[in-house]
Number of protein chains: 2
Amino acid sequence: MRIKVLAGWIVCFGGLAFSGTASADEPITPIPPAEGIDHARAELGKKLFFDPRFSMSGYISCNSCHNLSMGGSDNLKTSVGHNCQQGPINAPTVLNSSLNIFQFWDGRATDLKEQAGGPIANPGEMASSHTLVVDVLASIPGYVAEFRNAFDSQEIGIDQVTTAIAEFEKTLMTPGSRFDQWLQGDQQAITEHELAGYQLFKSSGCVACHNGKGVGGNSFQKMGLVRPYETNNQATGLINVTGRESDRFKFKVPVLRNVELTYPYFHDGEAETLSEAVDIMGRLQLGREFTGEEIDMIVAFLKTLTGDQPSFLLLTLPPSTDETPRPKPFGD
Amino acid sequence: MRIKVLAGWIVCFGGLAFSGTASADEPITPIPPAEGIDHARAELGKKLFFDPRFSMSGYISCNSCHNLSMGGSDNLKTSVGHNCQQGPINAPTVLNSSLNIFQFWDGRATDLKEQAGGPIANPGEMASSHTLVVDVLASIPGYVAEFRNAFDSQEIGIDQVTTAIAEFEKTLMTPGSRFDQWLQGDQQAITEHELAGYQLFKSSGCVACHNGKGVGGNSFQKMGLVRPYETNNQATGLINVTGRESDRFKFKVPVLRNVELTYPYFHDGEAETLSEAVDIMGRLQLGREFTGEEIDMIVAFLKTLTGDQPSFLLLTLPPSTDETPRPKPFGD
């Protein structure tokens, strides 16, 4: 079986497949380091990202569902919201999320700043309000000073809050993966088995959608292109934004960077393992049944996409004061 | 009023009160740095402390209720457990917790190691089991290697898990507070107002229970000693451990180190502010009504007890594998 597959590659890719030389023409390009960051805003945004006082409960922070110790995800099928409400959709990773053309699975936010305002006021997520969040922050001298420093203004508003969070999120790039090292010319950075997986990823058509810096994140595609995808999940996808029937069940193609860390997979989180996800993608999107060996190879390649994870010192959040509105973790 | 109070100090403390010289005889002594730490075990324990896979939900870690960005507490009256169950008691800070004579408000755990095993298997907290936690860890190669390194053994057991967590928790000392700097001879480290608060803290009797390195944590006392404490909280205190009627409503005196960060206060979390807590303690434990000015002074002193907060790099947790038991965030 393996020989047959290998033979296939030779036909498809000629010398390239076995030369081990990274080509400038590869459809996947290295993750760039974060650039042009406003550090004062990003440092403030980092605190906000970890602060559970953004939620009505005082218990849920951005990091709860986009845990930076776990690939920027929560590793749950769908997330846990206020009062343990079950979220409607799998939480996408925040890592490299600035590479997404739009934010959310259905693309309803134009950019990270617009996205950041969503979960705060969503009754099923943080269940707070933009007004309450601003009231909380304005009551905390440590935050007031940081906002003044970052925005050169006495006022704290939701616009500054989401700007700061987005600026922090832009720093969450993960360069340095073994695959990027290979792309940049280090032929030893990935094994032959992993390289074979990459070649199959290309030759079988995965790369048609999963390409670019993010290995995805730059287009919408129908889930269940060749064969229908069956799910109990109610999400309808891009039609939610465009109203066009042709956009029903189209979702943003997820970034595959760090995919080893961001299980489970798909918008409904129903694929528990990478093997399962590759198998289903092959059948439903490409009309192809990958063999177990082929799946192993592609999975091995996908695991080379794990880059340098965010690394910074644990924060101390500025304490509430007597004037800070108190959280309501139960009821409401 | 202030002059009257100051006059009282002169009577009580003579030259000491105004000399500004820290005495070796002070009833509060500086927080020592963590010593004798097994670093391999502490580093492993740090990961375990932040890992939500300890909970049935895959959502609750030790750090959820003992948030190291928020004074080692969750700043909630009582904590949020599995399925958003309301916890029965306020989560005490994990900072400096190795100074406690016993662990938990009722002292039912002898030490940090014994404590660490409790919440994992408590159906109202993490709702997992010691067996399940070990199964999860044993399925993750990153953990298997770290356990082998830390314990020189092929086996992972709950005994090693709780040993590692406790070893990490022993590192969570907070030396360096302004009050400790004053104790160590820096007369400028605290203001006259704060020093006056300390003297009142001593002369009014607070220090009878809140003393030593932790400014508490070393004895049990009845909540409502002079006048009864009214609460809807069901906790009965030390009687839960000893069975002695005389221990009813006796709770461990909490450590006051970093108390500015560990609001709300008391075993039921009903005192939202430090001012409220000092007022109630005065009336119920000392039979004394502090004036507003006296409360302000004591609160100012208490805020000098905030020490150097834990500082280390954000962790990346080793990912689950196809064999790792999956979390159940909803139901059960």
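Residues numbered from 1 in each chain as written. Chains lettered and ligands numbered in written order. Predicted model: local features only at pLDDT ≥ 70, side-chain atom pairs only at ≥ 80, totals over all residues. Heavy atoms only, no water.

Draft legend 1. View of the overall build of chain A. Check the secondary structure of chain A and you find 13 helices and two strands. Computed over the C-alpha atoms, the radius of gyration of chain A is 21 Å, within 12% of the 20 Å expected from 2.2 N^0.38 for a compact globule of 332 residues. Sorting the 332 residues of chain A into buried and exposed places 57% on the buried side. Working note: accessible area of chain A is about 13,700 Å², and carbon and sulfur atoms make up 52% of it. Averaging the positions of the 26 positive and the 39 negative side-chain charges in chain A gives two centres separated by 3 Å. (Helix = DSSP H or I, 4+ residues; strand = E, 2+ residues; numbered from the N terminus. Rg over C-alpha atoms; globule rule 2.2 N^0.38 Å. Buried < 20%, exposed > 50% of the residue type's maximum accessible area, 1.4 Å probe, protein only. Areas by Shrake-Rupley, 256 points an atom, 1.4 Å probe, with all protein chains shown as cover. Lys, Arg positive; Asp, Glu negative; His and termini not counted. Charge placed at Lys NZ, Arg CZ, Asp CG, Glu CD.)

Draft legend 2. Representation of the state of the cysteines. Throughout the structure, instances matching the rule amount to one disulfide over all chains. A disulfide bridge connects Cys-84 of chain A with Cys-84 of chain B, and the sulfur atoms are separated by 2.3 Å. Taking the sign of the S-S torsion, 90 degrees for the link of Cys-84 of chain A and Cys-84 of chain B, the bridge is right-handed. Taken together, the residues span two chains, with Cys-84 of chain A in the loop between helix H4 (62-65) and helix H5 (112-121) and Cys-84 of chain B in the loop between helix H4 (62-65) and helix H5 (112-121). (Disulfide = S-S within 2.5 Å.)

Draft legend 3. Representation of empty space enclosed by the protein in the model. In total, this model carries six cavities of 30 Å³ or more according to the counting rule given. There is about 480 Å³ of room inside the largest cavity. Every residue lining the largest cavity is counted, 24 residues in all, and those nearest its centre are Asn-63 and Ser-64 of chain A together with Ser-61, Asn-63 and Ser-64 of chain B. Elements with a contribution of two residues or more to the lining of the largest cavity: H4 of chain A together with H4 of chain B. When grouped by side-chain class, the residues that make up the lining of the largest cavity number ten nonpolar, twelve polar and two charged. Estimates place the volume of the second largest cavity at around 70 Å³. Lining the second largest cavity are Ser-57, Tyr-59, Ile-60, Val-80, Gly-81, His-82, Asn-83, Cys-84 and Pro-329 of chain A together with Tyr-59, Val-80 and Cys-84 of chain B. (1 Å grid on protein atoms, 1.4 Å probe; cavity = no way out; pocket = protein on both sides within 12 Å on 5 of 7 lines; lining within 4 Å. Points joined across faces, edges and corners; volume = space filled by probe spheres on them. Nonpolar A, V, L, I, M, F, W, Y, C, P; charged D, E, K, R; others polar.)

Draft legend 4. The arrangement of the packing of helix H10 (residues 192-203) of chain A against helix H13 (residues 292-302) of chain A in detail. Residues and elements named next belong to chain A. Orientation of H10 relative to H13, taken along the N-to-C sense of each, is 105 degrees, at an axis distance of 7 Å. Comparing the axis directions of H10 and H13 gives the class roughly perpendicular. Judged by residue contacts, His-193, Glu-194, Ala-196, Gly-197, Tyr-198, Leu-200 and Phe-201 of H10 engage Glu-294, Asp-296, Met-297, Ile-298, Ala-300, Phe-301 and Leu-302 from H13. Within the contact of H10 with H13, the residues separate by chemical class into nine nonpolar, two polar and three charged. (Axes fitted to C-alpha atoms, helices over the stretch in contact; angles between N-to-C directions. Parallel < 35°, antiparallel > 145°, perpendicular 65-115°, else oblique. Contact = heavy atoms within 4.5 Å.)

Draft legend 5. Highlighting the packing of aromatic side chains. Residue and element names in this part refer to chain A. Tallied over the entire structure, the rule returns 30 aromatic pairs over all chains. Each ring, one from Phe-102 and one from Phe-220, has its centre 6.2 Å from the other, and the planes form 40 degrees; the classification is tilted. On the criterion of sequence distance, the pair formed by Phe-102 in the loop between H4 and H5 and Phe-220 in strand S1 (residues 220-222) is long-range, its members being 118 residues apart. By relative accessible area, which is 15% here, Phe-220 ends up buried. Seen from their ring centres, Trp-182 and Tyr-198 are 5.7 Å apart, and the 75 degrees between their planes marks the pair as edge-to-face. Here Trp-182 is found in helix H9 (residues 178-183), whereas its partner Tyr-198 is found in helix H10, with 16 residues between them in sequence. For Tyr-198, a relative accessible area of 0% puts it in the buried group. Aromatic ring contacts, followed pair by pair, group Phe-179, Trp-182, Tyr-198, Phe-201 and Phe-301 into a single cluster. Directly above the aromatic system of Phe-104 lies the positively charged group of Arg-108, at a separation of 3.7 Å from the ring centroid. (Phe/Tyr/Trp six-rings, centres within 6.5 Å; stacked < 30°, edge-to-face > 60°. Lys NZ or Arg CZ within 6 Å of the ring centre and 35° of its normal.)

Draft legend 6. Structural view of the relation of the copies chain B and chain A. For these two chains of identical sequence, chain B goes onto chain A by a turn of 180 degrees and a shift of 0.0 Å along the axis, with RMSD 0.0 Å. Taken together, the turn and the small shift mark the pair as related by a two-fold rotation axis. Scanning chain B for the C-alpha nearest the rotation axis identifies Leu-313 of chain B, at a separation of 2.2 Å. Both copies contact each other with a shared surface, as 100% of the interface residues of chain B are interface residues in chain A too. (Least-squares fit on C-alpha atoms with pLDDT ≥ 70 in both.)

Draft legend 7. The pattern of salt bridges, seen in detail. Counting across every chain of the model gives 32 salt bridges over all chains. A salt bridge links Lys-77 of chain A to Glu-270 of chain A; the nearest nitrogen and oxygen atoms lie 3.4 Å apart. On the criterion of sequence distance, the pair formed by Lys-77 of chain A in the loop between H4 and H5 and Glu-270 of chain A in the loop between strand S2 (250-252) and helix H12 (274-285) is long-range, its members being 193 residues apart. Between Arg-53 of chain B and Asp-51 of chain B there is a salt bridge whose closest N-O contact spans 2.8 Å. Linked by salt bridges that have partners in common, Arg-244, Asp-247 and Lys-250 of chain A make up one network. (Salt bridge = Lys/Arg side-chain N within 4 Å of Asp/Glu carboxyl O.)

Draft legend 8. Layout of the environment of Gly-71 of chain A. Residue and element names in this part refer to chain A. As for its position among the elements, Gly-71 is in the loop between H4 and H5. What makes Gly-71 buried here is its relative accessible area of 1%. On a C-alpha basis, the gap between Gly-71 and Asn-258 in space is 6.6 Å, while along the polypeptide they are 187 residues apart.

Draft legend 9. Spatial organisation of the interface of chain B and chain A. The interface is formed by 44 residues belonging to chain B together with 44 residues belonging to chain A. Taking both sides of the interface into account, the surface hidden between chain B and chain A amounts to around 3,800 Å²; carbon and sulfur atoms contribute 64%. On the chain B side of the interface with chain A, the three residues burying the most area are Tyr-59, Leu-314 and Phe-330 of chain B, jointly 21% of the side's total. Linking chain B to chain A there are zero salt bridges. Applying the counting rule to chain B against chain A returns 14 residue pairs in polar contact (both at pLDDT 80 or more). (Buried area = accessible area lost by both parts, 1.4 Å probe. Polar contact = N/O pair within 3.5 Å; in protein donor to acceptor, adjacent residues only side chain to side chain.)

Draft legend 10. Structural view of helix H10 (residues 192-203) of chain B. Residues and elements named next belong to chain B. The end-to-end C-alpha distance of H10 is 16 Å, a good match for the 16 Å that twelve residues give at a rise of 1.5 Å each. Of all the twelve residues making up H10, nine are buried; the element is thus mostly covered by neighbouring parts of the structure. Looking only at H10, the buried set comprises Glu-194, Leu-195, Ala-196, Gly-197, Tyr-198, Gln-199, Leu-200, Phe-201 and Lys-202. Phi turns positive one or two residues past the end of H10, at Gly-205, with a value near 105 degrees. (Expected span 1.5 Å × (residues − 1).)

Draft legend 11. A look at unusual backbone geometry. That bond from Tyr-263 of chain A to Pro-264 of chain A is cis: its omega, -10 degrees, falls within 30 degrees of zero. Along the chain, the position of Pro-264 of chain A falls in the loop between S2 and H12. At Asn-83 of chain B, a residue that is not glycine, the phi angle is positive and equals roughly 60 degrees.

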